Amino acid sequence: MSALGQAFELVFQWQVIGTVFVAAMFGLMVGAIPGLTATMATALLVPLTFFMDPVPAVGAIVTCAAMAIFAGDIPGTLLRIPGTPASAAYTDEAYAMTRKGQAEIALGANLLFSAMGGLFGTFVLIFAAPTLAEVALKFSSFEYFWMALLGLTCAVFIGASSPLRAFVSLFIGLFVSTIGLNNPAGVPRFTFGSTDLLAGIDFIPAMIGLFAVSEVLRSVAAGVPAIGRVQAATGHIFSHWGNLIRTYWRQQIRGNIIGTSIGALPGAGADIAAWVAYALSRKFSKTPEKFGTGHVEGIVESTSANNAAVSSAWIPALVFGIPGDTITAIVIGVLYVKGLNPGPTLFLFNPQAIYAVFIIFILANLVMIPFGWLAIKAAKRLLLVPRKLLMPIILAFCIVGAFASNNATYGIVVMLVFGVLGFIMEENRIPIAPCILGIVIGPMLEDTFVTSMIKADGSFLAFFERPIAAGLGIATILIWLSPLIGRAVRKSGAPGEAGQG
Amino acid sequence: MRLGDTMLGGLLLILSAALAGFSQTFPAIPGQTYGAATFPIAVAIGLAGCGVLLMIGGIRAGHRHLEAAEWMLDRRAVVSVALTVLAMIGYILLAPRLGFIPVMAGMLLGLFLLLQVHWLMAIVAAAATTMVIHGLFAGFLLVPLPLGIFPRVSW
């Protein structure tokens with residue numbers, strides 16, 4: 001049987017379909033609750049995936065992430081509180097529409113264009129990933145080193161408001177990745193005699209701590225504020241779809257392309273895609289004055305972009321084993337646990353698993369429409385669940401999830417330490433995402449660097465001797481120099497401007 | 001507690017010095033220049049660079065070295081955060097001895113009451129959440145949640 005036929009067989013089983021549906025509901029619920037992000041939903045789901053076969057495990061994560069990113073639009077539209085950071089770019093716009101009595105248009109646009117964006121990203125993933133994997137098969141440690149460094153560079157320079165603080169976060173993550181026995185020399189590092197630490201810091205409890213426990217602590221510190229009253233009832237969300245597609249098909253395509261391109265960059269994800277798409281929508285709009293007053297144009301473009309990014313972020317994750325965003329950082333951990341080592345060889349040795357993931361992507365974006373409609377209908381009730389009940393329950397799930405990662409209390413200790421670390425980091429405006437990427441990419445960065453240096457007999461120039469490595473290296477260095485180049489360009493422009501003035 | 005940029009930078013410098021110093025104790029790969037210490041030292045240099053830049057920025061801006069976050073001015077919030085962390089530590093210490101069900105139920109009840117959930121609702125929610133989680137993880141997924149002194153619940 002062909003790999004594609006096997007993939008269909010793998011997916012269309014009641015356990016897989018059932019898992020996808022349950023994960024969809026979970027993702028919608030978590031995404032719709034303000035403060036709980038898509039990454040947190042995925043982190044909470046991971047301990048459950050340990051007990052599943054590879055395809056339903058990955059399918060659950062794919063569906064959960066896609067649903068959560070869409071569901072983040074619901075409280076953003078109804079309450080002006082984005083459910084996930086990826087919805088923040090157009091929350092004001094969507095809420096302004098709600099105040100004008102157009103909540104159903106905004107939510108309808110969110111649902112329709114999220115699904116279409118997700119499908120577009122999926123098709124790019126389906127066509128680009130195998131081709132890239134063929135290229136990646138020719139990669140040596142030099143190319144992988146630059147790819148890893150490019151991923152971290154993008155996370156710092158593109159994904160963060162303060163690159164300096166993002167660097168601090170990244171170096172904390174890279175330090176964490178050095179703990180344990182897993183290093184080129186095979187010696188224990190920073191274990192201080194602990195046998196638990198010899199295996200390194202377990203990524204799953206660390207992530208549950210950084211994303212979920214820190215959020216619980218932040219919420220408790222803020223007195224677990226109530227969400228407030230839901231502003232409006234929603235009407236018929238489907239009735240405007242034909243008109244929206246006819247009017248905004250250009251914005252939708254542009255949003256899809258922007259989202260897919262940004263998502264495919266290692267280190268940059270759906271949040272950035274939404275902001276960039278919204279800004280470009282305004283820039284190219286024929287009616288930019290309408291933006292901010294409750295205008296659906298920017299929403300179409302950015303909601304398409306964030307869901308397209310969710311799908312395309314899997315390109316670097318599957319092809320190179322380098323996460324496109326925090327969700328795929330988690331996915332890489334799950335893939336390793338399931339024996340599906342991400343990288344180009346996955347396409348050679350396990351094509352049916354890859355095709356199964358692609359089919360689930362399509363399925364997830366298709367079921368988004370009926371499930372999303374139900375979520376919008378249930379939003380009023382969902383948003384009224386008291387957060388003071390919710391936060392301790394989330395903490396309980398975090399504790400059991402961290403324990404389940406290796407059936408040991410050590411997991412809960414790691415979770416607690418990273419929860420407090422994440423809380424302190426955010427208190428001091430240090431972003432968490434680069435830290436996670438540092439933990440995931442760190443071992444690859446170290447391994448490829450040391451291997452390359454040994455191969456090149458210590459000559460750093462060897463990193464530029466192969467054409468693809470040289471290209472990636474130059475791109476990385478240009479991103480590093482971009483603040484200096486920008487400053488130089490501004491300086492050279494300044495006297496002229498002064499002269500004119 | 002928010003650290004000013006100067007203080008944060010200083011702290012990073014101390015951390016990076018400790019990291020670099022400790023890394024010197026790692027044995028080298030025989031015959032190779034690059035080994036176990038290479039990467040941690042590179043990380044230490046990176047952290048030190050960030051520390052220096054933060055210190056320079058902090059001194060130039062003249063920010064305060066230490067500033068209490070808004071929530072820290074509210075005693076109730078401070079107590080709530082501290083008790084939430086203590087609840088997790090309590091779970092880590094007590095669950096292996098007493099068992100998952102009593103410790104988790106107690107922890108949840110304490111947290112609900114701390115967050116001012118009505119006591120009746122708190123008792124019901126703590127018991128229901130504990131049993132649902134136990135059923136899901138121990139019963140369905142066969143996670144060996146600690147039994148302690150509590151009798152085994154078979155699902």
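Residue positions are given per chain, counting from 1 as you read along its sequence in written order. Chain letters start at A and ligand numbers start at 1, both assigned in the order the entries are written. Where totals are concerned, whole chains, interfaces and linings use all residues; where local detail is concerned, this predicted model gives features only for residues with pLDDT of at least 70, and gives and counts side-chain atom pairs only at 80 or more. In computing side-chain properties, one takes all heavy atoms of the structure into account and sets aside hydrogens as well as water.

It is worth spelling out the interface of chain A and chain B at this point. Each partner contributes to the interface: chain A provides 55 residues, whereas chain B provides 57 residues. Buried area is understood as the total, over both parts, of accessible area removed when two parts are fitted together, assessed with a 1.4 Å probe. Between chain A and chain B, a total of about 4,900 Å² is buried, with carbon and sulfur atoms accounting for 84% of that surface. Counted as salt bridges are all cases of a side-chain nitrogen of Lys or Arg within 4 Å of a carboxyl oxygen of Asp or Glu. Linking chain A to chain B there are 1 salt bridge. Residue A:Arg165 is joined to B:Asp5 by a salt bridge in which the shortest nitrogen-to-oxygen separation is 2.3 Å. The term polar contact refers here to a pair of N or O atoms within 3.5 Å; inside protein, the definition further demands a hydrogen-donor-capable atom paired with an acceptor-capable atom, and it admits residues adjacent in sequence only when both atoms are side-chain atoms. Counting across the interface, chain A meets chain B through 4 residue pairs in polar contact (both at pLDDT 80 or more). Only DSSP runs of H or I reaching four residues or more are called helices, and only runs of E reaching two or more are called strands; each is numbered from the N terminus. Listing elements by their share of the side of chain A that touches chain B, those giving two or more residues are helix 9 (163-178), helix 11 (203-221), helix 19 (387-404), helix 20 (409-427) and helix 21 (433-455) of chain A. Looking at which element gives the most residues to the side of chain A that touches chain B, the answer is helix 19 of chain A, with 11 residues. The class makeup of the residues in the side of chain A that touches chain B is 41 nonpolar, 8 polar and 6 charged. For this analysis, residues touch if any pair of their heavy atoms sits within 4.5 Å. For this classification, the nonpolar set comprises Ala, Val, Leu, Ile, Met, Phe, Trp, Tyr, Cys and Pro, the charged set comprises Asp, Glu, Lys and Arg, and every other residue, Gly included, is treated as polar.

With that out of the way, let us pick up the packing of aromatic side chains. Here a ring pair, both rings aromatic, is described through the centre-centre distance and the interplanar angle of the planes. Between 30 and 60 degrees the pair is tilted, below 30 it is stacked and above 60 it is edge-to-face, where a pair is any two Phe, Tyr or Trp rings, Trp via its six-membered ring, whose centres lie within 6.5 Å. Overall, the coordinates contain 28 aromatic pairs over all chains when judged by the stated rule. Aromatic side chains A:Phe190 and B:Phe26 sit 5.3 Å apart centroid to centroid with 85° between the ring planes, which places their arrangement in the edge-to-face category. Placement of A:Phe190 in the loop between helix 9 and helix 10 (195-198) and of B:Phe26 in the loop between helix 1 (5-23) and helix 2 (38-61) is noted, with the two residues assigned to different chains. Residue burial is assigned from relative accessible area. The probe radius is 1.4 Å, only protein chains are included, and a residue is buried under 20% of its type maximum, exposed over 50%, and partly exposed in between. Here B:Phe26 falls in the buried class, since its relative accessible area comes to 9%. Ring centres 4.8 Å apart and planes at 40° place the aromatic pair A:Phe460 and A:Phe463 in the tilted group. Classification of A:Phe463 as buried rests on a relative accessible area of 0%. By way of ring pairs, the aromatic residues A:Phe142, A:Phe145, A:Trp146, A:Phe449, A:Phe460, A:Phe463, A:Phe464 and B:Tyr34 are connected into one cluster.

Taken domain by domain, chain B comprises domain 1 (1-68) and domain 2 (71-154). These domain boundaries are the output of an automatic or database domain assignment. Each of domain 1 of chain B and domain 2 of chain B has a C-alpha centre, and the two are 38 Å apart.

Right, let's talk about the nonpolar core for a bit. What we call a nonpolar core is a set of buried Ala, Val, Leu, Ile, Met, Phe, Trp, Tyr and Cys residues that are connected through their side-chain atoms within 4.5 Å. Grouped together as the largest cluster of nonpolar side chains are 188 residues, with contacts concentrated most on A:Ile201, A:Trp314, A:Leu318, A:Ile394, A:Met415, B:Tyr91 and B:Met104. Residues from two domains meet in this core; each of domain 1 (1-68) and domain 2 (71-154) of chain B gives at least three. Here A:Ile394 is in contact with A:Leu36, A:Met40, A:Leu44 and A:Val216, once residues within four sequence places are set aside.

With that out of the way, let us pick up the pattern of salt bridges. All names here are of chain A. All told, the structure shown has 6 salt bridges over all chains when counted by the stated rule. Between Arg189 and Glu446 there is a salt bridge whose closest N-O contact spans 2.8 Å. One end of the pair, Arg189, is in the loop between helix 9 and helix 10; the other, Glu446, is in helix 21, and 257 residues separate them in sequence. In this structure, the salt-bridge partner of Arg218 is Glu426, at a minimum N-O distance of 2.7 Å. A residue pair is termed long-range when its members are at least 10 positions apart, and Arg218 in helix 11 and Glu426 in helix 20 qualify at 208 residues. Given the relative accessible area of 33%, Glu426 is considered partly exposed.

Residue and element names in this part refer to chain B. What UniProt calls "transmembrane region" (unreviewed entry) maps, in this numbering, to residues 37-56, 77-94, 100-124 and 131-150. Note that residues 37-56 is 95% helix and 0% strand, and that its end C-alpha atoms are spaced 28 Å apart. Between the first and last C-alpha atoms of residues 131-150 the distance is 13 Å; the span itself is 50% helix and 0% strand. UniProt positions are given in the numbering used here, feature names are shortened, and annotations may be inferred rather than shown by experiment.

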